[in-house]
Amino acid sequence: MTMVEKIISSKIGRFVSPGEHVVVPVDLVYAHDGTAPLAIEVMENLGLREMKGRVVFTIDHASPPPNVESASSQIRMREFASRWGVELLDAGEGICHQVIPERGMVRPWDVVIGADSHTVTLGALGALATGVGSTDAAIAMMTGKIWLRVPETIALRIEGELKSYVTAKDVILEIIGELGSDGANYKAVEFLGSTVESMSVDSRMVLANMSVEMGAKAGLIPADAKTIAWLKERVSGEVREIGPDNEADYSSIHTFSAEEIKPNVSLPGKVDEVVPVEEVEGEDVQLVFMGSCSGGRFEDFMGAARIMRGRRRKESTRCVAIPASKEVYMRLIDSGLIKVLLEFGCLIGPPTCGPCIGAHMGLAGPGEVVVSTSTRNFPGRMGSPDSRVYLASPLTAAASAAAGKLTDPGRFLG
Amino acid sequence: MRICGRAWRLGDDVTTDHIIPGRLKYSVASLEEMRRYVFHDLIPDFPELVRPGDIIVAGRNFGYGSSREHAARLLRMVGVGAVVASSFARIFYRNAVNVGLPAIEAEVEADQWDLIDVDLEGGVIENRTRGSTFRFKPFPREILEILEEGGVEEYFRRRGRLPWG
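Residues numbered from 1 in each chain as written. Chains lettered and ligands numbered in written order. Predicted model: local features only at pLDDT ≥ 70, side-chain atom pairs only at ≥ 80, totals over all residues. Heavy atoms only, no water.

Participant: What is the right way to read the packing of helix 5 (residues 70–77) of chain B against helix 6 (residues 90–99) of chain B from this model?
Facilitator: Each pair of packed helices gets described by two things: the angle between the helix axes and the distance between those axes. Residues and elements named next belong to chain B. Where helix 5 contacts helix 6, the two axes come as close as 8 Å, and the packing angle between them is 45°. Regarding the angle of helix 5 to helix 6, the classification is oblique. Taken as a pair, helix 5 and helix 6 cross one another with a handedness that is right-handed. Listed contacts from helix 6 to Ala71, Ala72, Arg73, Leu75 and Arg76 of helix 5 are Phe92, Asn95, Ala96 and Val99. Here the contact of helix 5 with helix 6 is composed, by residue class, of 6 nonpolar, 1 polar and 2 charged. (Axes fitted to C-alpha atoms, helices over the stretch in contact; angles between N-to-C directions. Helix = DSSP H or I, 4+ residues; strand = E, 2+ residues; numbered from the N terminus. Parallel < 35°, antiparallel > 145°, perpendicular 65-115°, else oblique. Left-handed = near helix turned anticlockwise from the far one by under 90°. Contact = heavy atoms within 4.5 Å. Nonpolar A, V, L, I, M, F, W, Y, C, P; charged D, E, K, R; others polar.)

Here is the structure:
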C-alpha cells in the first residue's frame, strides 16, 4: 500500500483502494485569518453546538493587520476561539504550516485538514494533510470527520547528491516543471529516494509544500528516524514511523537525478514554466522576498547567509526577509544570522504570509521584477498585476539581491 | 435542473487569484463588498456585465491555486450559473459543490456570448448558437443533491443533516 492508503485504512479499520469515497476521522483541523472568518460564518449558519476534535486558528496571513478590515475579522476570530475553546495562534506566532508542526500538533499517521492549499506541507512528517475550503473545514470542525476520495499515488524518486548550491526548492520546481500545474490533480504524491532521505526536515517541508502547485491532494514523505528525532523534541507520547510498502501500487513513477538539477526559477506568471536560472540571468531585479511557508525556514536563511555574509545588497534592489515563525526568528537571533541579514541590507518583518498573498509587508509596484522564495507567482498575486515574479530558491534570491539582477548562486558558491 | 446563459470564454489555468485577487481580499471585509472585484485583473467590468445564469466556459485546471472558497462563492453571488471546464483544480471543485455552483468537467466548443443550455441531470450541454451538443458524465447522486439544494448550507437547512453523514 502507498502511504495515503495505509493512513486511511488504519483510520477507518479496513483496507481501502483508490477511487473509493470514505468518511475519515480527522486528528486536527485548522484555518487562518483568510479562511477562518468564512468558516465561522458557515458554522453559525449550520447551528454549531460543539466543536469536535482538535481545532486550531492561526492569525498569520495579514498579521499584524494592515487595515481595519483585517483587524475586524481577527477580532471575530479571537471572540469565536475564546467562546468555543479553539486553540488560537495569534499574530506573531508564525505561518500555520510552520508553527503547527513546530508546536508538535501533528505526527505521522495523522489526518490533518487545513483551510489553506499549502496544508500539504505537513505531509513532510508522514501525515495525510490536505487543503480544503471554509465549508469543508467548518464541517470537519463540527463533526470531527471529512469525506474524501481515496487518491491514486504518484511516486517521485529523487536519487543522488545535490550540488552544494542546489536546494529542495530547485528540486520541487524541477518536478513541477516536469509534471505541470495539473500533473498530479486529484492524486497524492510520495517523495522517495536517496536525495530525500538525506534531506533535513526543513528541506522535506519545502518539497511537500509545493506539491499542491501540481494539483496534488497530498504530498507525503516517509517518516524515518530523522523525522521521529525532530518530532520527539516537540511531541509527547508515541511517534511511529511510516513509509510505503515495497509493493505499493503507484499510478506512475517519475525518477529524477539530483546531479542533473540546476538552480531553477519559475518564469513570471506560471509556477510550472521552469527553467535553469542560467538561462534567464541578467534581468534587473527591484525586489527580493525571502519568506512564506515555502522559503522562510531557518535553513533557508542559513543558506542565503552563505551568500549574504560579508556582502551588501545592490542599492537598487530591496530585500525583504520574513521568518516563517517566532521560533525561526529566535533561531536567527540566537545564531547571529539576523545580523548577517541586516548588514546585507534586508528589511526584516514579523512572521506573516504578507507579500506572498499580496496582503502587506513588501508588495511589488507596476513594472517591478521580483525574485521570491514563496509558493506562487500568479499575475498580481504579490502586488501590481504589472509586476513580474520569478520563484526561486533562497540561494538564488540572495545571489540576485547581491548582484541586483537574476543570478545563478553557483557564481558565488560554485 | 437546467441552466441557461451566455458563454464567457476563458483559457487554461484560471487561478483563484484571477477570480478574487488576494491583495483585494485582505483589504475588504465582507463577501458583499468583494463582489465588485470578481475577475478584477482579468475582466475588470465582469461584475457589471455578467447576467444571472451566464456560464463560464474555460480550459484546463480552472480554479488553480488558493483554497479560498470566496472564489467559488463570489462567482455564484454575481450570478454565474455554472462553470464548464475541461478540468478543475481539486479544492476549487469541492468548494464549488459546497456552495452550490455546478462545476462541470466537459470539452465544449463555444465562443464568447454563445447561448449555452446545461441539463445537469441528463449530462448534456447544448450550444444553441452553434446548434451543437456535448455530453458530460452526470454527477454522482450525492453531489447532484447538494447542487440541487443550492449548496451544503441550504442542504442542511432543508434536510436537517449534513451530506456524506
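The discussion continues.
Participant: Whenever I open this one, the state of the cysteines confuses me. Can you help?
Facilitator: Among covalent bonds in proteins, the disulfide is the one between the sulfur atoms of two cysteines. Residue and element names in this part refer to chain A. Per the counting criterion, the structure on display carries 0 disulfides over all chains. No disulfide involves Cys293; its nearest neighbouring cysteine sulfur is the one of Cys356, lying 6.2 Å away. In this structure Cys293 comes out as buried when scored by relative accessible area, which is 9%. (Disulfide = S-S within 2.5 Å. Buried < 20%, exposed > 50% of the residue type's maximum accessible area, 1.4 Å probe, protein only.)

Participant: Explanation requested: the sheet that holds strand 4 (residues 87–89) of chain A in the structure shown.
Facilitator: Adjacent strands of a sheet pair through backbone hydrogen bonds, lying either parallel or antiparallel. Residues and elements named next belong to chain A. Pairing is parallel in the open sheet, where 5 strands are placed in the order 4-3-2-5-6. Where the open sheet ends on each side, the last strands, each with one partner, are strand 4 and strand 6 (128–131). Neighbour-to-neighbour, the strand axes of the sheet open up by a mean angle of 20°, direction not taken into account. Of the pairings in the sheet, the one linking strand 2 (residues 28–32) to strand 3 (residues 54–58) comprises 5 bridges and is parallel in character. From the neighbouring strand, Val29 faces strand 3, where its bridge partner is Val55. (Pairing = 2+ DSSP bridges.)

Participant: Hey, could you run me through the packing of helix 11 (residues 298–308) of chain A against helix 14 (residues 394–403) of chain A in this one?
Facilitator: Residue and element names in this part refer to chain A. Put simply, helix 11 and helix 14 touch, their axes get as near as 8 Å, and they point 35° apart. By crossing handedness, the relation of helix 11 to helix 14 is classed as right-handed. Contacts from Asp300, Gly303, Ala304, Arg306, Ile307 and Met308 of helix 11 reach helix 14 at Pro394, Leu395, Ala398, Ala399 and Ala402. Of the residues contributing to the contact of helix 11 with helix 14, the split by class is 8 nonpolar, 1 polar and 2 charged.

Participant: Please explain the interface of chain B and chain A as it appears in this structure.
Facilitator: Note on interface size: it is often stated as the accessible area lost on association of the parts. Counting residues at the interface gives 39 residues for chain B and 50 residues for chain A. For the pair chain B and chain A, the summed buried surface comes to about 3,800 Å²; carbon and sulfur atoms form 53% of the total. Area buried by chain B at its contact with chain A is led by Tyr26, Arg90 and Arg94 of chain B, which between them contribute 23% of it. The tally of links between chain B and chain A comes to 4 salt bridges. (Buried area = accessible area lost by both parts, 1.4 Å probe. Salt bridge = Lys/Arg side-chain N within 4 Å of Asp/Glu carboxyl O.)

Participant: Would you explain the pairing of strand 5 (residues 111–114) of chain A in this entry?
Facilitator: Here is the key point about a regular strand: its side chains alternate between the two faces of the sheet. All names here are of chain A. Here strand 5 shows no split at all, with Val111 and Ile113 on one side and Val112 and Gly114 on the other all buried. With 3 bridges connecting them, strand 2 and strand 5 associate as parallel partners. Each bridged residue has a counterpart across the sheet, and for Tyr30 the counterpart in strand 5 is Gly114. Sheet topology places strand 5 next to strand 6; 4 bridges connect them, and they run parallel. Considered in strand 6, the bridge of Gly114 is made with Gly131.

Participant: Please clarify how the domain arrangement of chain A should be interpreted in this entry.
Facilitator: All names here are of chain A. The assigned domain composition of chain A is domain 1 (3–258) and domain 2 (266–411). Residue-level contacts link 38 residues of domain 1 with 38 residues of domain 2. For the pairing of domain 1 and domain 2, the buried interface totals around 3,000 Å² over both sides, and the portion due to carbon and sulfur atoms is 54%. At the boundary of domain 1 with domain 2, the tally comes to 3 salt bridges. For the pair domain 1 and domain 2, the number of links is 23 residue pairs in polar contact (both at pLDDT 80 or more). (Domains from an automatic or database assignment. Polar contact = N/O pair within 3.5 Å; in protein donor to acceptor, adjacent residues only side chain to side chain.)

Participant: Looking at this structure, how should I read the packing of aromatic side chains?
Facilitator: How two aromatic rings sit relative to each other is set out by the distance from centre to centre and by the angle between their planes. In this structure the tally under the stated criterion is 12 aromatic pairs over all chains. Ring plane angle 65° and centroid distance 6.4 Å describe the contact between Phe136 of chain B and Phe139 of chain B, whose orientation is recorded as edge-to-face. Its relative accessible area of 7% is what places Phe136 of chain B among the buried residues. Through a chain of ring-to-ring contacts, three or more aromatic side chains come together here, namely Tyr186 of chain A together with Phe62, Phe88, Phe92 and Tyr93 of chain B. When the ring centre of Trp147 of chain A is taken as reference, the NZ or CZ atom of Arg94 of chain B above it lies at 4.2 Å. (Phe/Tyr/Trp six-rings, centres within 6.5 Å; stacked < 30°, edge-to-face > 60°. Lys NZ or Arg CZ within 6 Å of the ring centre and 35° of its normal.)

Participant: Help me understand the pattern of salt bridges in this model?
Facilitator: Residues and elements named next belong to chain B. Tallied over the entire structure, the rule returns 41 salt bridges over all chains. Note that Glu32 and Arg35 form a salt bridge whose closest N and O atoms lie 3.4 Å from each other. Look at Arg35 and you get partly exposed, because its relative accessible area is 29%. Residues joined in a network through salt bridges with shared partners are Glu69, Arg73, Arg141, Glu145, Glu149, Glu153, Glu154, Arg157, Arg158 and Arg159.

Participant: Please explain the confidence of the model for chain B as it appears in this structure.
Facilitator: Should the pLDDT be low somewhere, the predicted coordinates at that spot are not to be read in detail. Summary statistics for chain B give a mean pLDDT of 95 and a share of 99% for residues scoring 70 or more. Across the interfaces of the predicted complex, the ipTM metric reaches 0.97, alongside a pTM of 0.97. (pLDDT = per-residue confidence, 0-100.)

Participant: Please explain the environment of Ala324 of chain A as it appears in this structure.
Facilitator: Topologically, Ala324 of chain A is positioned in the loop between strand 15 (318–321) and helix 12 (326–335). For the pair Ala324 of chain A and Cys96 of chain A, spaced 228 residues apart in the sequence, the C-alpha separation amounts to 8.9 Å.

Participant: Would you mind going over unusual backbone geometry with me for this structure?
Facilitator: Trans peptide bonds make up the majority, and among non-glycine residues the majority have a negative phi. With an omega of -5°, the peptide bond between Ser63 of chain A and Pro64 of chain A qualifies as cis. Looking at the element boundaries, Pro64 of chain A is found in the loop between strand 3 and helix 3 (68–84). If you check the backbone angles, Met361 of chain A has positive phi at about 70° while not being a glycine. Within the secondary structure layout, Met361 of chain A lies in the loop between strand 16 (346–348) and strand 17 (369–372). With phi around 50°, Asp13 of chain B is a residue other than glycine that occupies positive phi space. By the secondary structure assignment, Asp13 of chain B is in the loop between strand 1 (2–9) and helix 1 (16–19).

Participant: Help me out: how do you make sense of the pairing of strand 2 (residues 55–58) of chain B in this one?
Facilitator: Residue and element names in this part refer to chain B. A two-sided burial pattern is seen for strand 2, the buried positions comprising Ile55 and Val57 on one face and Ile56 and Ala58 on the other. Where strand 1 and strand 2 come together, 3 bridges link them in parallel fashion. Within strand 2, the position partnered with Ala7 by the bridge is Ile55. Pairing of strand 2 with strand 3 (residues 82–85) involves 4 bridges; the strand directions are parallel. In the strand pairing of strand 3, Ile55 is matched with Ala82. Chirality of the crossover, the property in question, places the unit of strand 2, helix 5 and strand 3 among those that are right-handed. (Right-handed = clockwise from strand over helix to strand, strands pointing away.)

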